[in-house]
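The primary structure of each chain is shown beneath.
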Amino acid sequence: MSAAETPNDISISQQSHHQTPSSPALLIRLQQILSSCSQSVEFETSNAELTCFLDSVSNSALANPDDKLSNSIAFEILSELWWYLSSHTLDQPVVDALSFELPKAVAKFAGVSASCLEVADAIIDRLVTTCSPRDMLSILCEALDHLSKMLTAPSCIAPLLTGLSKVILAIQRRQYEQVKVAVPVVLNVLKAITSESDDEQENIEDLFSRAICIANSIQAVSSKLDARLRKKLHALLGLFVLEIMALVSISMINGRVESRLALVLQLVRFLPNCRLSYLGLITGLDVERITTIVLEEDEDDFTSCFSLVNQGASLAVIWGHTSSEVAQVAEDDFAVAKDELRTNQTKRWQAVGMLKHIFSSAKLPWKLKEYAMDFLLYITGGNNSQKCNDEDMDCSFYTSPILSALEAIEMVIIYAPEAVLRKSAFDALKRVLTDIPISTRFEMLKALTKNSKSTSMIAILLDIVRDEMHKEKTKRTSVRNEDVPQDGIKSYQNTSFWSENVLELVEMVLRPPQGGPPLIPEHSDAVLSALNLYRFVLITESAGKTNYTGILSKNNLQKAYNDWLLPLRTLVMGIMAENREDYDPFAVEMVCALNPVEFVLYRCIELVEEQLKHPAHLNP
């Protein structure tokens, strides 16, 4: 082996001598094209001819993956090109000129076979080590962007990623600006490959490993910069790593944690250098900090490549919750972070808002959502998170993210394939609601009910409202039995669920905004819960001789009777009459579903009629 040769060189040399009967003509043609390139006469034409020739060979091999002859020819052609570029007699201007188009053409061969990938890596490495690093960074980024749009085999971009990791190390000036150009390209390519590839999981894992090599290069470069630029590059590296964390998690094989654990362990090693803590990640504060550092101006195109960074930050924490090994590698005390969330309500609200990025994702495996739900149940399980006092805390700033998180948890309740996860999600929903001040809690439930498209979910939410009202009634009773100042009682009532707003929830279901009675039997679950809620409020207010909700006013009773209950009775009676004597399974199922609705409906009608018989006791 000569001093200029590497082990890969010898491997390529040995394999290239095994030619197939059909390859000599193509090899001769390639040699003629390369000879024309070396002479630098009409070089542009020769370069275009070389690219066209290489594309025809690689396309043929990629189109026929089981054709050993095509694969062998592709390897021989690529090996011949490598020997040409490795010649010590080749002028550097020729190599520089070839470097503009060769990376794209050569990278396509990587999808043919492992042997071609090895040679493609060697060719890209040759170009990177002999040509201008700044030129090669632009060339490789353009090639990555081009190949990602062609949706070729994932392995086709592998040599380009490795080339970038080496180019970044070679850049001597304006490193931060150059890395900032490359990062969006790499992330967009990985997103395209991850979203399109359900197969070739091993190839995808290799791509992530090569992307992590780019992160290693960025970290190495940062050590050479002054404090200001090092801070900016660490922030950019943090965003890059968190985005990859999300993509790695999305690509989990069959929901098996062990399939991506090795990659996650490599990623979390960057967190300490980027000054990212578990508490800062799950509250979103660290993400906001590094985003602010990197995005100094309005850079919408640049920002779009970090669309998953909040999800990645949340997932980094969930991986730490799932694996003690991950928690240790991150060099952060995970137990302290979790305890802080259990005792600090503001941080807990921030964490809930961040976890929505996991629960709302349609691409993440259910297993990770299960771990995230377990984490949420843990941080909302402390004694300090059982009930929120209106006077002590104001969560108005967090209302929007918490509402989004609750809607994401609803999706888990509705669509989770396992009953255990659905139950955990329901428990989490109730705990998060309990953790919100009473004055805001009702508005949250109202918004959830209004926005929900699932009749079963609406039924669950109305049942939660009824349960909250029952708890408040019990507490109000206990407060009156104790020696509590009247202003304390009044303050408590002003923040309770017992207000006119509760009738709006009932009307939302029994008299939908689009008019007419609700759809039966499609919305039977929601209708039954609405009727039960109305009956509960009516009986409680009547028995207690109160009218906090206005349900006992004459106008509200007549409205409920004429606009809600009677039209619904007409509809239910008609459907029951049509199907009661029909023994078709569907008809029997419909009658069974409407039986409880009919029972509660008639009881509500009786209660309203009874109240209307005594107008002297009614408010206007």
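Because the structure is predicted, anything quoted here is derived from the model rather than measured.

### Considering helix 9 (residues 158–170)
In a regular helix each residue adds 1.5 Å, so 13 residues correspond to 18 Å; helix 9 covers 19 Å between its end C-alpha atoms and thus fits that length. Here helix 9 has its buried residues at Ala 158, Pro 159, Leu 160, Leu 161, Thr 162, Gly 163, Leu 164, Ser 165, Val 167 and Ile 168.

### Remarks on the packing of aromatic side chains
Scanning all chains against the criterion turns up 8 aromatic pairs. Relative to Phe 497, the ring of Phe 442 lies with its centre 5.3 Å away and its plane at 90°, an arrangement referred to as edge-to-face. Here Phe 497 lies in the loop between helix 26 (486–494) and helix 27 (501–510) and Phe 442 lies in helix 24 (residues 438–451), a separation of 55 residues in the sequence. As far as the burial class goes, Phe 442 and Phe 497 line up, both buried.

### Some points on the pattern of salt bridges
Counted under the stated rule, the structure contains 21 salt bridges. Residue Glu 243 is joined to Lys 191 by a salt bridge in which the shortest nitrogen-to-oxygen separation is 2.9 Å. Taken as a pair, Glu 243 in helix 12 (residues 227–250) and Lys 191 in helix 10 (residues 175–196) lie far apart in primary sequence, 52 residues in all. Relative accessible area serves as the criterion here: at 17%, Lys 191 is assigned to the buried category. In this structure, Arg 289 engages Asp 286 in a salt bridge whose closest nitrogen and oxygen atoms are separated by 3.8 Å. Within this pair, Arg 289 and its partner Asp 286 are both found in helix 15 (residues 285–294), separated by 3 residues, close to a single helical turn. The partly exposed category is assigned to Arg 289, whose relative accessible area is 30%. The buried category is assigned to Asp 286, whose relative accessible area is 11%. Salt bridges here are not isolated pairs; linked through shared partners, they connect Glu 101, Lys 104 and Glu 142.

### Observations concerning a nonpolar patch on the surface
On the surface, Trp 366, Met 411, Ile 414 and Tyr 415 cluster together to form a nonpolar patch covering roughly 370 Å² of accessible area. The element that contributes the greatest number of residues to the nonpolar patch is helix 22 (residues 399–415), accounting for 3 residues. You can see Ile 414 is positioned in helix 22.

### Points about the nonpolar core
Within the largest apolar cluster, 214 residues are counted, with the highest numbers of intra-cluster contacts made by Phe 240, Trp 319, Leu 376, Leu 531 and Tyr 534. Per-element tally for this core: the top contributor is helix 12, with 15 residues. The contact partners of Leu 376, leaving out residues within four places of it in the chain, are Val 352, Leu 355, Phe 359, Ile 409, Ala 428 and Val 432.

The rules behind each value
- Residues numbered from 1 in each chain as written.
- Predicted model: local features only at pLDDT ≥ 70, side-chain atom pairs only at ≥ 80, totals over all residues.
- Heavy atoms only, no water.
- Helix = DSSP H or I, 4+ residues; strand = E, 2+ residues; numbered from the N terminus.
- Expected span 1.5 Å × (residues − 1).
- Buried < 20%, exposed > 50% of the residue type's maximum accessible area, 1.4 Å probe, protein only.
- Phe/Tyr/Trp six-rings, centres within 6.5 Å; stacked < 30°, edge-to-face > 60°.
- Salt bridge = Lys/Arg side-chain N within 4 Å of Asp/Glu carboxyl O.
- Patch = residues over 30% accessible without salt bridge, like charges linked within 9 Å, V, L, I, M, F, W, Y side chains within 5 Å.
- Areas by Shrake-Rupley, 256 points an atom, 1.4 Å probe, with all protein chains shown as cover.
- Core = buried A, V, L, I, M, F, W, Y, C linked by side-chain atoms within 4.5 Å.
- Contact = heavy atoms within 4.5 Å.

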